[in-house]
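# An overview of the molecular structure
Each chain, written out:
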Amino acid sequence: MRAYIAAALLWLASGVSAAPQAQTGSGSNDARDPPGYPPVVAGRALQFPADHGAHPDYRTEWWYVTGWVTDEDGVERGFQVTFFRVRTRIGEDSPSRFAPRQLILAHAAVADPAEGRLLHAERGERALDPLAGAATGHTRAWIGNWALEWSQDHYRAIVDADDFAYDLRFDPAGPPLSNGQDGFSQKAPDPQHASYYYSRPQLGVSGSLRVRDKTHRVTGRAWLDHEWSSAYLPEKARGWDWIGINLSDGGALMAFRMRTATGEATWTAGTLRRGDGAPRALAPAQVAFIPGRRWRSPRTGTEYPVEWQLDIDGRRLALQPLMDDQELDSRGTTGAVYWEGAVRLVEDGREIGRGYLEMTGYGERLKM
Amino acid sequence: MNAGLRHVFLASLARRRLATALSLLAIALGVALGLAVQLIHGAALDEFGRGMRLVAGEADLQVMGPRTGFDDALYVVLAQRPEVADASPILEVEASLPQRDDILRVFGVDALRVRRVQPALMPVPEGEAGGEFGIFAADAVFLSPAAQAALALGEDTDVGTGGTLAVLAGPREEHLRILGSVPGAGRGQRLAVMDIAAAQQLFDQVGRITRIDLRLAQGVDRDAAIERLRPLLPAGVELLAPEAAASQVAGLSRAYRVNLTMLAAIALLTGGFLVFSTQLLSVVRRRQELAFLRALGLDRRTLLRGLLAEGAVLGLVGGLVGVALGYVLSGLAFSIVGADLGAGYFEGVEPGLRFEPLATAAYLVLGVAAGVGGAWLPAREASRVAPARALRAGDDVEVWRARPRWSAALASLGLALLLCLLPPLGGVPVFGYAAIALILVGSVLVLPAVVRLAMRCVGGVGSVGGGRSVLLRLAHARLAAAPGQVLVAGAGVVASVALAAAMAIMVSSFRTSVDDWLSDVLPADLYLRASSSGTSAFLTPEVIAGVAATPGVSSVQPVRYDTLRLDEAQFPVTLIARPVAEGAAVPLVEGDAESVRGADGLPPAWVSEAMADLFRVAVGDTLSLPLGGAPHRFRVAGVWRDYARQHGAVLVELADYRALTNDSRSNNVAIRVAPGVQAEAVAAALQAQFDGRNFELAAPGDIRSKTLAVFDRTFLVTYLMEAVAILIGLFGVSTSFAALATARRKEFGMLRHLGLTRRDIGRLLALEGALGAAVGVAVGLAAGGAVALVLVEVVNRQSFHWSMDIRVPLAALAAFAVALVLLAAVAARLSGYQAMRQAAVLAVREDF
Amino acid sequence: MLELDGLAKRFDGQSGRALFSHVSLRLAPGECVAIMGESGVGKSTLLNCIAGLEAVDAGSIRLDGTELVALDDDAFARLRRRSYGFVFQAFHLLPHLTLAQNVALPLWLLDCAAAEAQQRATTMLAQVGLADRADDWPRHLSGGEMQRVAIARALVHRPTLVLADEPTGNLDAERAADVLELLLGSLRSAGAIGILVTHSRAAAARTDRVLRLTATGLAEEAAAA
């Protein structure tokens, strides 16, 4: 679901907010008929390990890890790292090593209640081996010394920013969890708007996390998404709400809602796996997002529903944030403004899981 | 000093309005010229420095190579180093524009990296035309506001966003879409930005970049980083601190700047002389008045202070007027000749006029100093005179009996000679300028003695003839007895004539030498070049072959230019590769053009005088030149004269260059026409053959006249300053004679009693003026010759590293001298006009 | 022979108040007169008129029968060169000329050869008692000595007429007597006409005649008065 950020990060280069471009809707024309990009079609089964790697023909792709960690003193924090790959279709036949065929962008954040707000950093580069790139065949995306890669039996994420840094190892507890129909994840009633999408829930986290000058040994649970597509955001959609939750019983819950400017859902879907059971795709009728308490950002004035009621497969669940202010305000650099933060999943007053909530498009329409 | 006393002194300035006005004007002109030079170059340098900083951005270090760049693999290596936090690769191309003479600096940047290191170079898309990846598009270009403004001039095509920009890329003309601007570049920088991959491909530079700007990781010391990174660099590529790059450019124009500042200083000095003249005369005229004040009880110190205050007021008011005038002049210069005063040092920079408090204050202080300095000797003289004696009438000759100061004169001239032997300080010929100042001082000191000598000669002539010779006798007697009068009137003349003569000799020598040099370096019949300037255009071997095959062409000699970095402390030198042995002659001053390899097998190289000086190489030395990314040894076979590149140039055989670099391109080609064939016919054939290819064809005559036009424009400002100095010198003659004539009213009245007609008095004044000026001019010419020698052999040699053959423009100098003597005679006669009025006759009775 | 006839001078030319009028005088060669009068009555102006340095408003001036009033400025200057000598109260020696050169100055003006001028000047200096000081400078002289040089200068070219304006005004009594003696003696021996303007009765008494200038003319005073 991180494509929004990819678009925003692109404008990092121009120094102009993504917002003005978004007004014209040119992106949605592209979405209807993405020239020169392969379409996402149903019925293509995911092939591992090849599909862990990059798919450079498709327009947009990302690897996205979120999680909760606890340090040696029992302090809980959230973290997030995303690597994007974007195919520009520029300079595809250029002999220059600088040819901007593929752009690699990365975004990392730490949610520490002691800070009161997110710490975040981003990077963007054209793919240029060995400085930045996204490998095919296995998971490996990197920009300089920031990296997310698979080695032997685990993932490793390394991020080093001014305010924070981490070097985390993620051990998968089971096979990848395909979303939608065997990995074909529809985003709108029109199946043109779809992606290939799988998740790796219940990743065991271990490693070190530095916040400002203090480094902690941490352990915890994380969630990885890998998604690629050529046409993503439906025309009417203004943004989306998304969750990825590691359930306490070892299960996993992914759900999202595409939303219009007036807040109506144009599409909802999800994936639920209970305990060690088999995953089930949730149809639009089985997923409903009901906004609860709102929080207004003192920086941007944008209002976000930071607490939610979820109707999932007939169960009534609630989302509670680790802290209210997990708005990511990068107007100074990329111009992107959205809410992305650590949340608890509560059922009948009891915590049944932890994960991340992403809310986009509450300020301006997104460009895809 | 109380108000009454202040009135006694300052009112005196108001009483002698003409002299006061002229002194004011002289100081104002000196201050104005000096300040203007300072302001103009200050602004240009600031803008240039800003440009360098802007381009360097937040870089801690810059990796720079030759003009044609270096392998971009180095970027990949450096970007991965732990010492490096950020590396931003840049391909800078001086792009030629079709149908335009100027060039446009195009920066190929990685927009995702440039933001972190040189934010000012960020391309900013405007509108929708580019789509979301517009900044990466292969045909997209972003223009700085100054570039947009400059390109819009005289063009009908739209150069705003959405328009197109045509550039020359090799032999092709390419059209780029203007997708936005580079707002960070600011108003003064003419540049364009595009994607680095697009630029590499467009300008046929794939695999090459010209610069990498580095931001170092936190805690990494710059010197340590240089030490660790330098071994990774190929030959000819250097690691520089951004300040070093900026200071190299500043250094390049410094000599020219200092030269102009010196001229302004001399104008100011001449203004000081003028204050000296008028104050001395005023003190003489007020001898009795001042003695009377002393008799009334005014103490020596107060008198001295009062007279100095007169000078200070002159200096202050003159300085204020000068400051105002300086700003006006600078404004005019910016709009008319450009910031480099026509010298061509600051291309692509458009500075604006700013208020410079420090320079303004400094020149104001200099103006006051000139006023006080000029008033100092007369004030001291007046305060030392015994009142009783001064109260007696007449007897002003006492004041004018200047003693010759042989020892002081010889000492200063001798010291000047010694100073000429010293090397420059920081690239500026400080001692040369000191020598020039000493020559001027020495020549003024020697003036009384020369007056005596001259009067002895004139006396010999006068005693023979009868008739009108009475005027000659009177003038002679006056000047012989009162050489101080010549000193006062002539000191300014000496300084200004010396300056003007020196500049005239220097410029004439320079121009003749440049002219000769142009004949040497432009021996062919036609020149074909890829474009007037810039690195983006070049000639391929096919083009050269096409030229050679054109009917009527007997031979072709391609030339390739590049720049080489030999040393991180020096500006890069120009590399010229062309056939030497069978090609055009080299304007050698040392060595020979034999292209044979010595026993050591090293290929020959010929260095320019500047390079020989700057890099301390001599004929026979080995020289290591980084060609094609690796050092290669050459044997220095000769030193040649080069007026085009003051940072140095080295010439090698084209065949050697091609063998070492595999670069078969050329920038231009010299074409010799077969005997009996008209060059124009061949030119027409070439025009037809390369129609639409943006090549330029030039005959040596055109190049020569263009070059000389640039030369003349460069010296335009110096002519202006000379004229001002001369004007100030004539003011000196005029004011001193006006004041003297007033002081000598009784003398002239008595002579009228004895039967001199009014016209005779006028002639007497003219004669005295002419005689005094003649001596001043003669001494000035001699001093000017000496100063010219210092300028040619010391100042130019040390500032610009070039030699020239001395040519004295005898006819022009003679005409100038005669004109000046005549002007002085006229000035003296006009100024003495009131002495010829009837009322003066009655002055003989005004004793009580 | 100098003949003044009905000379009149006004303060600002024709329209102004009369300074003096009806001034008539006839002087033969060798004759020497003194002109006295109140301050401001126009004694010096009268001398200037006679010398052609100021224009008269009416009357005639004839020197040896030639009418001078009609002469233009340059012609009068040439006449002064040849026929006039002047002695000033303030001497007016040129400080940058030697004594001999100062004395030779009128001869130079008359195109006299340098050697002859020098010789005649030296002779003249000897006559005024400064024989050995020919090459000295004016600044080394006392007032009396300077006036002696001035007298030598006034007579060296043998003028017809010598005008002396307060020649002893700057000198003490003893020196004044000496200088006056020298001046009058020299005038007589040269046979020149002398006009002396003075305030001093003692000085006036030594001339042939004493005339008093008033607004209405020149009147003779008794020599004994």
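Residues numbered from 1 in each chain as written. Chains lettered and ligands numbered in written order. Predicted model: local features only at pLDDT ≥ 70, side-chain atom pairs only at ≥ 80, totals over all residues.

As annotated in an unreviewed UniProt entry, chain B carries the name FtsX-like permease family protein and comes from Aromatoleum buckelii. A UniProt comment under Subcellular location (unreviewed entry) is attached to chain B, and it reads "Cell membrane". (UniProt positions renumbered as here; feature names shortened; annotations may be inferred.)

Chain A appears in an unreviewed UniProt entry as Carotenoid 1,2-hydratase from Aromatoleum buckelii.

## Topic: the sheet that holds strand E7 (residues 161-165) of chain C
Residue and element names in this part refer to chain C. Taken in spatial order, the 6 strands line up as E6-E7-E8-E3-E9-E10 in an open sheet, and their pairing is mixed. Two strands bound the open sheet, and with one partner strand each, they are strand E6 (84-87) and strand E10 (217-221). Direction aside, the axes of adjacent strands within the sheet are offset by 25° on average. On the sheet, helix H5 (residues 143-155) packs against E6 and E7 and is oriented at approximately 170° with respect to E6. (Pairing = 2+ DSSP bridges. Helix = DSSP H or I, 4+ residues; strand = E, 2+ residues; numbered from the N terminus. Axes fitted to C-alpha atoms, helices over the stretch in contact; angles between N-to-C directions. Contact = placed C-beta atoms within 7 Å.)

## Digging into the interface of chain B and chain A
Taken together, the contact pairs 24 residues of chain B with 23 residues of chain A. Of all the secondary structure elements, the ones that give two or more residues to the side of chain B that touches chain A are helix H3 (73-79), helix H4 (111-117), strand E5 (124-125) and helix H6 (196-202) of chain B. Counting residues per element, the side of chain B that touches chain A draws most heavily on H6(B), which supplies 4 residues.

## Details of unusual backbone geometry
Pro49(A) follows Phe48(A) through a cis peptide bond whose omega is 10°. By secondary structure assignment, the location of Pro49(A) is in the loop between helix H3 (26-32) and strand E1 (60-71). Following Asp129(A), the chain continues to Pro130(A) via a peptide bond in cis, the omega torsion being 0°. Of note in the backbone geometry, Asp313(A) takes a positive phi value of approximately 55° without being a glycine. Its place among the elements puts Asp313(A) in the loop between strand E21 (308-312) and strand E22 (315-321). For Asp313(A), a count of 17 C-beta atoms within 10 Å gives the class partly exposed. Even without being glycine, Asn662(B) reaches a positive phi, approximately 60°. Residue position: Asn662(B) is located in the loop between helix H20 (654-661) and strand E21 (668-673). (Buried ≥ 20, exposed ≤ 12 C-beta atoms within 10 Å, placed from the backbone.)

## Quick notes on the sheet that holds strand E1 (residues 2-10) of chain C
Residue and element names in this part refer to chain C. Reading across the sheet, the 4 strands line up as E2-E1-E4-E5 and stay open at both edges, with antiparallel pairing between neighbours. Lying at the two open borders of the sheet, with one neighbouring strand each, are strand E2 (18-27) and strand E5 (66-67). For E1 and strand E4 (residues 58-63), the ladder comprises 5 bridges, and the chain directions are antiparallel. The partner of Ala-8 across the bridge, within E4, is Ala-58.

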